[in-house]
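Fold and geometry: a report
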Amino acid sequence: MESKSNIVNKKTRVRFNFITTFFLGAVAIYLWWIIYQRLPAFASWTTYFLLALKEGSHLGASLEFFFYDTPKVMMLLFLVVFGVGILRSFFTPEKTRAFLSGKSELAGNVLAALLGIITPFCSCSAVPLFIGFVTAGVPLGVTFSFLIAAPMVNEIALGLLYGLLGWKIAAIYAGTGLFIAVFAGWVIGRLKLEGQIEDWVGKTHGAAIEMEEEKLYFSDRIIYGWEAVKEIIGRVWIYVILGIAVGAGIHGFVPEGVMASIMGKDSWWSVPLSIVIGVPMYSNAAGIIPVVEALLGKGAALGTVLAFMMSVIALSLPEMVILRKVLKPKLIAVFITVVASGILLVGYLFNIII
Amino acid sequence: MEIKVLGPGCAKCNKTEKLIREVINETLADATVEKITDMMQIASHGVFATPSVIIDNQVKCTGKVPKKEEIKKWLGR
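Quantities reported herein were computed from a predicted structural model and do not represent experimental measurements. (Residues numbered from 1 in each chain as written. Chains lettered and ligands numbered in written order. Predicted model: local features only at pLDDT ≥ 70, side-chain atom pairs only at ≥ 80, totals over all residues. Heavy atoms only, no water.)

What follows is about the overall build of chain B. A count of helical and extended segments in chain B gives three helices and four strands. Ordered by position in the sequence, the α and β elements of chain B form the string β-α-β-α-β-β-α. Against the 2.2 N^0.38 benchmark of 11 Å for 77 residues, chain B shows a C-alpha radius of gyration of 11 Å, consistent with a compact globule. Considered along the principal axes of its C-alpha atoms, chain B spans approximately 30 × 25 × 15 Å. Counting over 77 residues, chain B shows a buried share of 52%. Nonlocal contacts in chain B, meaning residues at least 24 apart in sequence, comprise 65% of its contacts between residues at least 6 apart. (Helix = DSSP H or I, 4+ residues; strand = E, 2+ residues; numbered from the N terminus. Rg over C-alpha atoms; globule rule 2.2 N^0.38 Å. Buried < 20%, exposed > 50% of the residue type's maximum accessible area, 1.4 Å probe, protein only. Contact = heavy atoms within 4.5 Å.)

Below is the structure:
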């Protein structure tokens, strides 16, 4: 069937030059900063003036927390997701795979964990990605480093941690998350478990497909970042609000120090227990971090809370079910054990240091 | 034309399929759409970022939801 119109559909690109882009960017960041600075005033005005609640009441404390944290977290997420989105436009899974194939063990694990953060891929592609990596000669342990780092250290977690708990905790989380990805991947590589991959995987040809690469202008990368903002914030905003609401409830109503006995650093069993509770829980970073902030405020120990957060985010039952398609049960068991041990180590370490 | 959409059935994959069907309906292109959700089949196409679009055995895009304009271009509209 012939199309009626013969008009060539020329792709109209929006193109700005660099000076315009940076000027607009600077203005936008300045405006962002001004609004961000006003948020505490906005929260107390809304709670105590607009809603006329009494200062010092439980409900007042909860609501002020909610009205401050919600816009703050959303604004930070916006900035971080946008920035990481632009960064990600420089990477593709294909390039990452080509880069990682044939890399030596330890260096490969470190690179894979780092690339796991910035390579764009949807968590539902974990299985095809696994096959693509392994059949192209990326070592098994290196592939695991990538697959562990990708969900654990992500822009949503980092943006939220920075916003709610400060840059130090965000950096600790990123550092230890990367450490676990490198460590677990390295151990899995050392254990020589290649025979524990389902047999059909080896039979699929992982031939690299040829695709002409589109030339991206800087304005295309900005659009890419913007698409990431729409996609990610559109998906997580409800979890953020629910998480902050739960956190706000804890903040206003749970007495100070009550968490110290349950999740404090003096009870040795708190770290393993929080991992055991965390693994079956299936939540994303967006929902769990506001709760974590509130727990910390009530006397929970940092190591215990980190362990809880990591086991919720990095180890989840639905993911295991998906991975079962390509991994034999023994390898799944090893994967869970090694990652959980890494988390345990991090938990104890921080309870001892801090 | 034979169009294959590869993806295990996540939101992005479904959106890709929906967009392609929309474009076909709008432009009255002569094409069939097949959704491939089986992991083994996806892997055997040599693709490892989903959603992917394959038209007449040629990989058109991987790992992202294509834009309508792109789909139109692939269909020659």
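So, about the nonpolar core. Of all hydrophobic cores here, the largest spans 98 residues; its most connected members are Leu77(A), Phe144(A), Tyr173(A), Ile289(A), Met309(A), Val326(A) and Phe335(A). Here the element with the most residues in this core is helix α9 (residues 167-190) of chain A; it accounts for 11 residues. Excluding residues within four positions of it along the chain, Met309(A) makes contact with Leu161(A), Tyr173(A), Ile288(A), Ile289(A) and Val292(A). Listed in part, the 15 residues of the second largest apolar core include Ala31(B), Cys61(B), Trp74(B) and Leu75(B). (Core = buried A, V, L, I, M, F, W, Y, C linked by side-chain atoms within 4.5 Å.)

Here we take up the confidence of the model for chain A. Residue and element names in this part refer to chain A. With 91% of its residues at a pLDDT of at least 70, chain A reaches an overall mean of 83. For chain A, the element scoring lowest by mean pLDDT is helix α12 (residues 258-263), at 70; α9 scores highest, at 92. Throughout residues 1-12 the model reports pLDDT below 50, and contacts reaching past four residues in sequence, or to other chains, amount to seven contacts. (pLDDT = per-residue confidence, 0-100.)

What follows is about a nonpolar patch on the surface. All names here are of chain A. On the surface, a nonpolar cluster with roughly 550 Å² of combined accessible area is contributed by Phe42, Trp45, Phe49, Leu50 and Leu51. Tracing the sequence through the fold places Leu50 in helix α2 (residues 39-50). Look at Leu50 and you get exposed, because its relative accessible area is 53%. (Patch = residues over 30% accessible without salt bridge, like charges linked within 9 Å, V, L, I, M, F, W, Y side chains within 5 Å. Areas by Shrake-Rupley, 256 points an atom, 1.4 Å probe, with all protein chains shown as cover. Salt bridge = Lys/Arg side-chain N within 4 Å of Asp/Glu carboxyl O.)

In this assembly, 23 residues from chain B lie in contact with 26 residues from chain A. At the boundary of chain B with chain A, total buried surface from both sides reaches about 2,200 Å², with 67% on carbon and sulfur atoms. A per-residue breakdown of the area chain B buries against chain A is headed by Met39(B), Phe48(B) and Arg77(B), which together make up 33% of the total. If you look at where chain B meets chain A, you find zero salt bridges. Remark: the boundary between chain B and chain A carries one residue pair in polar contact (both at pLDDT 80 or more). Breaking the side of chain B that touches chain A down by element, the ones donating at least two residues are α2 (39-44) and β4 (58-62) of chain B. (Buried area = accessible area lost by both parts, 1.4 Å probe. Polar contact = N/O pair within 3.5 Å; in protein donor to acceptor, adjacent residues only side chain to side chain.)

This part is about the packing of helix α6 (residues 126-135) of chain A against helix α7 (residues 140-152) of chain A. Residue and element names in this part refer to chain A. Axis separation between α6 and α7 bottoms out at 10 Å; the angle between their running directions is 150 degrees. Taken as axis vectors, α6 and α7 run roughly antiparallel relative to one another. The two elements α6 and α7 cross, and the hand of that crossing is right-handed. Of α7, the residues touching α6 (which contributes Ala126, Leu129, Phe130, Phe133 and Val134) are Leu140, Thr143, Phe144, Phe146 and Leu147. Per-class residue counts for the contact of α6 with α7 are nine nonpolar, one polar and no charged. (Axes fitted to C-alpha atoms, helices over the stretch in contact; angles between N-to-C directions. Parallel < 35°, antiparallel > 145°, perpendicular 65-115°, else oblique. Left-handed = near helix turned anticlockwise from the far one by under 90°. Nonpolar A, V, L, I, M, F, W, Y, C, P; charged D, E, K, R; others polar.)

All right, on to the pattern of salt bridges then. Evaluated as defined, the whole model comprises 11 salt bridges over all chains. A network of salt bridges, in which partner residues are shared, links Lys18(B), Glu22(B), Glu26(B) and Lys68(B).

Okay, the confidence of the model for chain B next. Summing up the model confidence of chain B, the mean pLDDT is 85 and the portion of residues at 70 or higher is 100%. Averaged pLDDT values over the elements of chain B bottom out at 80 in α2(B) and peak at 90 in strand β1 (residues 2-6) of chain B.

Take the layout of surface pockets next. All names here are of chain A. The computed volume of the second largest pocket comes to approximately 580 Å³. If you trace the second largest pocket, you find 21 residues lining it, with Gly25, Ala28, Phe82, Ile86 and Ile222 closest to the centre. Counting residues per element, the ones that place at least two in the lining of the second largest pocket are α1 (18-37), α3 (58-88) and α11 (218-253). With nine residues, the single largest contributor to the lining of the second largest pocket is α1. Split by residue class, the lining of the second largest pocket holds 17 nonpolar, four polar and no charged. (1 Å grid on protein atoms, 1.4 Å probe; cavity = no way out; pocket = protein on both sides within 12 Å on 5 of 7 lines; lining within 4 Å. Points joined across faces, edges and corners; volume = space filled by probe spheres on them.)

Another point: the environment of Ile180(A). In this structure, Ile180(A) sits in helix α9. Excluding residues within four positions of it along the chain, Ile180(A) makes contact with Met152(A), Gly185(A), Met310(A), Val339(A), Gly342(A), Ile343(A) and Val346(A).

Time to look at the side chain of Asp69(A). All names here are of chain A. With respect to the helices and strands, the residue Asp69 is situated in helix α3. For Asp69, which is buried and forms no salt bridge, the nearest opposite charge comes from Lys72, at a distance of 4.3 Å. Setting aside its immediate chain neighbours within four residues, Asp69 contacts Leu164, Ile244 and Glu293. (Lys, Arg positive; Asp, Glu negative; His and termini not counted.)

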